Amino acid sequence: MKSRLFSLAIYISASLSGMLVLLYPFFLPAVPQQAGFGSLRLQQMPMMMTLLLGLCLLVLIFEAQGPMVNTKLIALLGILVAINSALRFIETAIPGPGGFTPIFFLIILVGYIFGGRVGFLMGALTLLVSALVTGGVGPWLPAQMFTAGWVGMSTPLLHPMVRAFTGRQNKQRSRNVNTEILFLAVFGLLWGFLYGAIMNLWQWPFIIGPQNQSYTTGLSLLATLQRYLAYYLVTSMVWDAIAAIGNVLLILTFGAPALRALRRFHQRFEFEYSPDPGAVGKPHGGGLSG
Amino acid sequence: MKQPWAWVGWLIAILVILTITRNPLYLVLILMSVLFVGLSLRKTGSGIPRPISLWKLAGWIIVLATGFNALTSHYGATVLFIIPGKLPLISGRVTLEAMIYGATNGLVLTGMLASFTVLNLALPVRDLISLIPRAFFPMAVVTSISVTYLPTTLRQFQQIREAQAVRGHQMRSLRDWLPLLMPLLVGGLEHAMQLAEAMTARGFASTRPISNRGQVYPRSGMLLGLVLLALGWIAQLGGVGVSGLVMILLGAGLILGGLWYLGRQSPRTIYHRRAWRWQDWLALAAAAIVLCVCTLPLPGLNQQTLYYEPYPVLSLPAFSPWLGLAMLGLLIPGLMELYKNKNEAMKFEGKKEED
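None of these values were measured; they are calculated from a predicted model.

Cut-offs applied
- Residues numbered from 1 in each chain as written.
- Chains lettered and ligands numbered in written order.
- Predicted model: local features only at pLDDT ≥ 70, side-chain atom pairs only at ≥ 80, totals over all residues.
- Heavy atoms only, no water.
- Axes fitted to C-alpha atoms, helices over the stretch in contact; angles between N-to-C directions.
- Helix = DSSP H or I, 4+ residues; strand = E, 2+ residues; numbered from the N terminus.
- Parallel < 35°, antiparallel > 145°, perpendicular 65-115°, else oblique.
- Left-handed = near helix turned anticlockwise from the far one by under 90°.
- Contact = heavy atoms within 4.5 Å.
- Nonpolar A, V, L, I, M, F, W, Y, C, P; charged D, E, K, R; others polar.
- Patch = residues over 30% accessible without salt bridge, like charges linked within 9 Å, V, L, I, M, F, W, Y side chains within 5 Å.
- Areas by Shrake-Rupley, 256 points an atom, 1.4 Å probe, with all protein chains shown as cover.
- Salt bridge = Lys/Arg side-chain N within 4 Å of Asp/Glu carboxyl O.
- Buried < 20%, exposed > 50% of the residue type's maximum accessible area, 1.4 Å probe, protein only.
- Buried area = accessible area lost by both parts, 1.4 Å probe.
- Core = buried A, V, L, I, M, F, W, Y, C linked by side-chain atoms within 4.5 Å.
- Lys, Arg positive; Asp, Glu negative; His and termini not counted.
- Charge placed at Lys NZ, Arg CZ, Asp CG, Glu CD.
- pLDDT = per-residue confidence, 0-100.
- Expected span 1.5 Å × (residues − 1).

Peer 1: Looking at this structure, how should I read the packing of helix α1 (residues 2–22) of chain A against helix α7 (residues 141–154) of chain A?
Peer 2: Relative placement of two packed helices is described by the angle separating their axes and the distance separating the axes. Residues and elements named next belong to chain A. It is the contact of α1 with α7, at a shortest axis distance of 12 Å, that shows an interaxial angle of 135 degrees. Here α1 is positioned oblique relative to α7, judged by the angle of their axes. Remark: the crossing between α1 and α7 carries left-handed chirality. Mapping the contact onto sequence places Y11, A14, S15, G18, M19 and L22 in α1 and F146, W150 and M153 in α7. Of the residues contributing to the contact of α1 with α7, the split by class is 7 nonpolar, 2 polar and no charged.

Written out as structure tokens, the structure reads:
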């Protein structure tokens, strides 16, 4: 129990520190312009952000992989990341419209079935491996890995909602699957926009643009939000809308059979043999759990 | 030059300078150095070449960044023309300063992309994976499995597509992808099951697990490190420069130290260790010199020339010959590659003559 609480504290601290790095334009509204970046120059900020995000990401990955010296989980993650990276590879070769990308479909589903820890690793490693094989490694990679990891990590939050909704509904299994798919589709829609909005934050404070869209230190939280919203609407809305609609279409079309397949394998992967200490020396002295 | 850490040193030096300077003269110098190294590796590099030509990519990025900034940022004194009307974002003055600023940003982005492309070209994926620290050995295994299984997945996808085409399957809508994707997913999961059994049979993860007690102190250090990072970042943004930086450095030290300590508890066997040769040391030393010259307050160097702003009125960027000369150190990996190629060609010629 203590260990789980400690682990939770590390997850929360790493995620919060990462969010502090990305969301600083919103929580420092009253800092005077001259002193706004301390001893850092404006040009040094992206590098500092990359370093800090990279460190938070390292801690999160270490914590998520913590008890994962389990061959089944390692093999499962390795293969699923390969499949997802192959989808991104195909997408790079035959680009889809706008921000459409098929990778979030599997990240969301794997996070939903296998839990937030595996979902986080699935998101972060998909981005890492696909960047390695497509030559897309760059300073933006930690932020991409972090955000994609959050997509997978946050998916189990749907479980209580789905349970609460299906609890009041007919107990038919097909109806429950449909509800799950609908929830997952809405989740995919939200993350389609959120992923773009979070990734924009990596560069928005440094872009010089029209006054009503660019970041200026010393503004109130509301004014900063308004400016960011204006910037987002003009530059990213359409791009991200295509990504979000793509997520929804993929989940609605392939979600149900993919969920069934992942559930079946989840049961097989959970099967474990553990020796029964009380039955040592007796014939058939082992316990099966699944 | 084969040592991955020497390449990492080279990359870090380039990234740090690219984030510090906005002087187009230095940016062009760095970009040319990176392109020179990339060209010298074109034939001998053992990594993955980028699918698009670097020159084309550089051209596109610079043109796009220049155009985007010129059309959306209407600051600057030298007005080239005015876009009439009330088009959101676009209407207004198009200035030379905005174009230069956009081109400078394009140069920075191209430099970053090009340097990573060169790294991808120089090092095979197995060397990149070997850079993953020991503390992350399960993730290194996952990454190696993924990278190894990726070509198989692509081949499997092709086979499924051909098999479905033979059965008369046609791709008319999104739903028609289902008979392709589901066999790929289920086949992959079956393969994962077999792989897990094979790994267990070969004794993977059969070593004594690290005790919880052995992890408590380093993990506590990492937790404290995260708190210090957050506090240091806030202090840094709030203008409390030095103490903020100290807290960030302390936090980073605690996190990296914790990971190093935990990594030491996981045994690791290296079958083929890359040796450090004099070329690697030379490239690393050159990268360190470039970094020191550009970041440390050394006497006699005009580091102010690194900072350049075209707004509000365009002016010629200043140039320090010493800084420029130091930056030429980034050419060393390329020169080493040319030296190696020349040596090999001479040896080959010598052998031919002997025969």
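Back to the text.
Peer 1: I'm lost on a nonpolar patch on the surface in this one. Help?
Peer 2: Residue and element names in this part refer to chain A. A surface patch of nonpolar side chains, about 520 Å² in accessible area, is lined by L5, L8, I12, L16, M19 and L23. Position of L8 among the secondary structure elements: in helix α1. L8 gets classed as partly exposed once you look at its relative accessible area, which sits at 46%.

Peer 1: So what exactly am I meant to see when it comes to the side chain of D176 of chain B here?
Peer 2: Residues and elements named next belong to chain B. Note on placement: D176 falls in the loop between α6 (137–166) and α7 (178–201). Take D176: its relative accessible area is 18%, and that puts it in the buried class. Leave out the neighbours within four places in its chain, and D176 touches H169, Q170 and M171.

Peer 1: Can you help me understand the interface of chain B and chain A in this one?
Peer 2: A common measure of how large an interface is: the accessible area buried when the components associate. The interface is formed by 83 residues belonging to chain B together with 89 residues belonging to chain A. Of the roughly 7,700 Å² buried between chain B and chain A, counting both surfaces, carbon and sulfur atoms make up 79%. Considering only the surface of chain B that becomes buried against chain A, R219, W233 and L237 of chain B emerge as the three largest contributors, covering 10% of it. Here E63 of chain A ties to R219 of chain B by a salt bridge, and the two come within 2.5 Å at their closest N and O atoms. When residues of the side of chain B that touches chain A are traced back to their parent elements, those giving at least two are α1 (4–20), α3 (54–72), α4 (96–122), α6, α7, α8 (212–237) and α9 (241–264) of chain B.

Peer 1: Explain the environment of L87 of chain A here, please?
Peer 2: Considering the arrangement of structural elements, one finds L87 of chain A in helix α4 (residues 71–93). Taking the C-alpha atoms as reference, L87 of chain A lies 15 Å from A258 of chain A; in sequence the two are 171 residues apart. Among residues more than four places away in sequence, those in contact with L87 of chain A are P102 of chain A together with L181 of chain B.

Peer 1: Teacher, can you tell me more about the pattern of salt bridges here?
Peer 2: Oppositely charged side chains can pair when the atoms bearing their charge come close. The tally for this structure, following the rule as stated, stands at 4 salt bridges over all chains. Between R268 of chain A and E190 of chain B there is a salt bridge, with the nearest N and O atoms lying 3.1 Å from each other. Placement of the pair is R268 of chain A in helix α11 (residues 237–270) and E190 of chain B in helix α7, with the two residues belonging to separate chains. A residue is classified by how much of its surface remains accessible, and E190 of chain B, at 31% relative accessible area, is partly exposed. Measuring nitrogen to oxygen at the nearest pair gives 3.2 Å for the salt bridge that ties K340 of chain B to E337 of chain B. Taken as a pair, K340 of chain B and E337 of chain B lie in helix α12 (residues 332–354) at a separation of 3 residues, close to a single helical turn. On the basis of relative accessibility, which here comes to 3%, the residue E337 of chain B falls in the buried class.

Peer 1: Honestly, the nonpolar core in this entry has me stumped. Any pointers?
Peer 2: Judged by nonpolar contacts, the single largest core of 175 residues is most densely connected at W7 and W233 of chain B. Looking at this core element by element, the count peaks at 14 residues for helix α3 (residues 45–65) of chain A. Beyond its immediate stretch of four places on either side in the chain, W7 of chain B contacts M1, V37, L41, V118, L119, A122, L123 and P333 of chain B.

Peer 1: Hey, could you run me through a positive patch on the surface in this one?
Peer 2: Residue and element names in this part refer to chain B. Among the surface-exposed residues, R134, R264, R268 and R273 lie close enough to one another that they form a single positively charged patch. As for its placement among the helices and strands, R268 is situated in the loop between α9 and α10 (278–295). Assessed through its relative accessible area of 39%, R268 is described here as partly exposed.

Peer 1: I would appreciate a short explanation of the confidence of the model for chain B in the present structure.
Peer 2: Caution applies to low-pLDDT regions: their predicted coordinates should not be interpreted in detail. Residues and elements named next belong to chain B. Averaged over chain B, the pLDDT score is 84; the fraction of residues at 70 or greater is 93%. Highest mean pLDDT in chain B belongs to helix α11 (residues 321–327) (92); lowest belongs to helix α5 (residues 125–130) (79). Interface confidence for the predicted complex, expressed as ipTM, amounts to 0.81; the pTM equals 0.76.

Peer 1: Explain the environment of M336 of chain B to me, please; I cannot follow it from the model alone.
Peer 2: Residue and element names in this part refer to chain B. Here M336 is to be found in helix α12. For M336, a relative accessible area of 10% corresponds to the buried category. Along the backbone, M336 and T72 are 264 residues apart, and their C-alpha atoms lie at a distance of 44 Å. Look past the residues within four positions of M336 in its chain and what remains in contact with it is W278, Q279 and L282.

Peer 1: What is the right way to read α3 of chain A from this model?
Peer 2: Note: α-helices contain 3.6 residues per turn, so residues at a spacing of three or four share the same orientation. An ideal rise of 1.5 Å per residue puts 30 Å on 21 residues; α3 of chain A measures up with 30 Å between its terminal C-alpha atoms. Among the 21 residues that make up α3 of chain A, 19 are buried, leaving the element largely enclosed by the rest of the structure.

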